[in-house]
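In case you want the letters, here they are:
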Amino acid sequence: MKLATRMGRLGTETAFEVLAKARALEAQGKEVVHLEIGEPDFDTPRNIVDAGVAALQGGWTHYGPSAGLPELRAAIAKHISETRGVNYTADNVVVTPGGKPIMFYVIMAMAEEGDEVIYPNPGFPIYESMINFMGAKAVPIPLREERDFCFSIDEFRSLITPRTRLVIINSPQNPTGSVLCKEDLQEIARLAVKHDFWVLADEIYGHILYEGEHHSISAFPGMPERTIILDGFSKTYAMTGWRIGYGVMPLELVPHISRLMTNSNSCTASFTQRAALEALTGPQDDAYRMVAEFKRRRDVIVDGLNAIKGITCLRPKGAFYVFPNIKGTGKTSREIADYLLYEAGVATLSGTAFGAYGEGYLRLSYANSVENIQKALKRIEAAVARL
Ligand code: PLP
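Residues numbered from 1 in each chain as written. Predicted model: local features only at pLDDT ≥ 70, side-chain atom pairs only at ≥ 80, totals over all residues. Heavy atoms only, no water.

## A few points about the site of the ligand
Item 1. Around the ligand, 14 residues are found, and the nearest of them are Gly99, Asp202, Tyr205, Ser234 and Lys235.
Item 2. Side-chain polar atom of Asn174 to an oxygen atom of the ligand: 2.8 Å apart, as the coordinates give it.
Item 3. A distance of 2.7 Å separates an oxygen atom of the ligand from a polar side-chain atom of Lys235.
Item 4. Coverage of the ligand by the protein amounts to 93% of the 400 Å² it exposes when considered alone.
Item 5. Counted by class, the shell around the ligand contains five nonpolar, five polar and four charged residues. (Near = heavy atom within 4 Å. Polar contact = N/O pair within 3.5 Å; in protein donor to acceptor, adjacent residues only side chain to side chain. Areas by Shrake-Rupley, 256 points an atom, 1.4 Å probe, with all protein chains shown as cover. Nonpolar A, V, L, I, M, F, W, Y, C, P; charged D, E, K, R; others polar.)

Following this line, the structure appears as structure tokens:
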């Protein structure tokens, strides 16, 4: 079979591959603790499920507008305006099946051959994949443990060239749980205006924050006209399988991203959008309860990992991941991840699944019960001691 050359440049998300390996072990009767996959283990809150069911029964089963249902776009604009402190209207919003398509569309719409896109490394693997796929140049900004996995602004400055078209930031971050401080965001914003590049701000974990408040780069001077906020419902409302997210962007970009929707998905499922409307406008107690529970689990996993010889772990400020340093084990990230899966029955991801700068680390998702986290910690401790 002859495929288009660009297919050779398309990356992937290893989490799904590790999940498949873990499932294969389970099929052989082995028991595996799943700390590899990045989704809340909670059910979607009841009021949202009820709204989805009511929508299905009420006939919300037809095509809708490509950019999303007007009432949902309006609710998203209100929510983003209130939480980011920038005035957006429904016309700034494009609803998509998950937040992920926003990465795809924005990189496709903005970056072409010869353009440079700066992206965090370690970072969500789809950024690098899509930049390469579009034929643009992927320029990693390393996130280092000694800087709490935040940008070194000096290093960032040195990466900017006249070809820098787009910068991707993600805070709170996957895979490290790091949060960009207000001062760093301000400086990135200043550089964006000065060098005339756009920012794709992946704020999908914006609600899952344990200290301080969420700051959006969109709120800095000159930024509403050059920022695309990516957000969605998967993480905040435990709605990963519903497939719904959105981009909030300058008006001039909206028709182009909508046209990409028309060309690919036509529209996001109408009943899913009705459920999302309930998520935003209904009670928020469950969303807050989940964050409180994640915080409790974060402390269990961080303390537990730090008690294991050969492993150290920072205490992340957001998202539901930890990124422990495993250099003390003397093994590579890949070796340790495989070893823990096959010898200890704990599924984790190698730090290198998030880029070359993830070597020396593992990513563990703590979207699992405290009981399972404790079981995994015991198994990891015993397995590492046998090395
Ligand atoms: N951005 C980041 C950093 C993520 O970790 C994820 C999911 O894992 C997404 C975006 C996309 O989420 P979804 O497409 O489910 O909205």
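## Focus: the pairing of strand 3 (residues 116–121)
Item 1. Counting buried residues in strand 3 gives six out of six residues, a clear majority hidden from the surface.
Item 2. Residue alternation in strand 3 divides its side chains into two sets, Glu116, Ile118 and Pro120 and Val117, Tyr119 and Asn121, and both sets are buried.
Item 3. Here strand 3 runs beside strand 4 (residues 137–142); their pairing, made up of six bridges, is parallel. Each residue of the ladder has a partner; that of Glu116, found in strand 4, is Lys137.
Item 4. Regarding the hand of the β-α-β motif, the stretch spanning strand 3, helix 5 (residues 125–133) and strand 4 is right-handed.
Item 5. Examined bridge by bridge, strand 3 and strand 5 (residues 164–170) share three bridges and lie parallel to one another. Note that in strand 5 the partner of Ile118 across the bridge is Val167. (Buried < 20%, exposed > 50% of the residue type's maximum accessible area, 1.4 Å probe, protein only. Helix = DSSP H or I, 4+ residues; strand = E, 2+ residues; numbered from the N terminus. Pairing = 2+ DSSP bridges. Right-handed = clockwise from strand over helix to strand, strands pointing away.)

## Focus: the sheet that holds strand 2 (residues 93–96)
Item 1. Taken together, seven strands build an open sheet; the order of strands is 2-8-7-6-5-3-4 and the sheet is mixed. What marks the edges here is a single partner per strand, and that holds for strand 2 and strand 4. The sheet shows a mean angle of 20 degrees between the axes of neighbouring strands, taken without regard to direction. (Axes fitted to C-alpha atoms, helices over the stretch in contact; angles between N-to-C directions.)

## Structural notes on a nonpolar patch on the surface
Item 1. A cluster of nonpolar side chains, namely Met1, Leu3, Met7 and Leu10, defines an oily patch on the protein surface of about 460 Å² accessible area.
Item 2. Counting through the fold element by element, Met1 comes out in the segment before helix 1 (14–27).
Item 3. When its relative accessible area of 92% is taken as the criterion, Met1 is described as exposed. (Patch = residues over 30% accessible without salt bridge, like charges linked within 9 Å, V, L, I, M, F, W, Y side chains within 5 Å. Salt bridge = Lys/Arg side-chain N within 4 Å of Asp/Glu carboxyl O.)

## A look at the nonpolar core
Taken as a class, soluble globular proteins show a tendency for nonpolar side chains to be buried jointly.
Item 1. Grouped together as the largest cluster of nonpolar side chains are 68 residues, with contacts concentrated most on Ile228, Ile257, Phe294, Ile301, Leu305 and Phe320.
Item 2. For this core, the two domains that each supply at least three residues are domain 1 (5–44 + 285–385) and domain 2 (46–281).
Item 3. By size, the runner-up hydrophobic cluster in this structure holds 26 residues, among which are Phe149, Ile153, Leu180 and Leu191. (Core = buried A, V, L, I, M, F, W, Y, C linked by side-chain atoms within 4.5 Å. Domains from an automatic or database assignment.)

So yeah, pure geometry; function would need other evidence.
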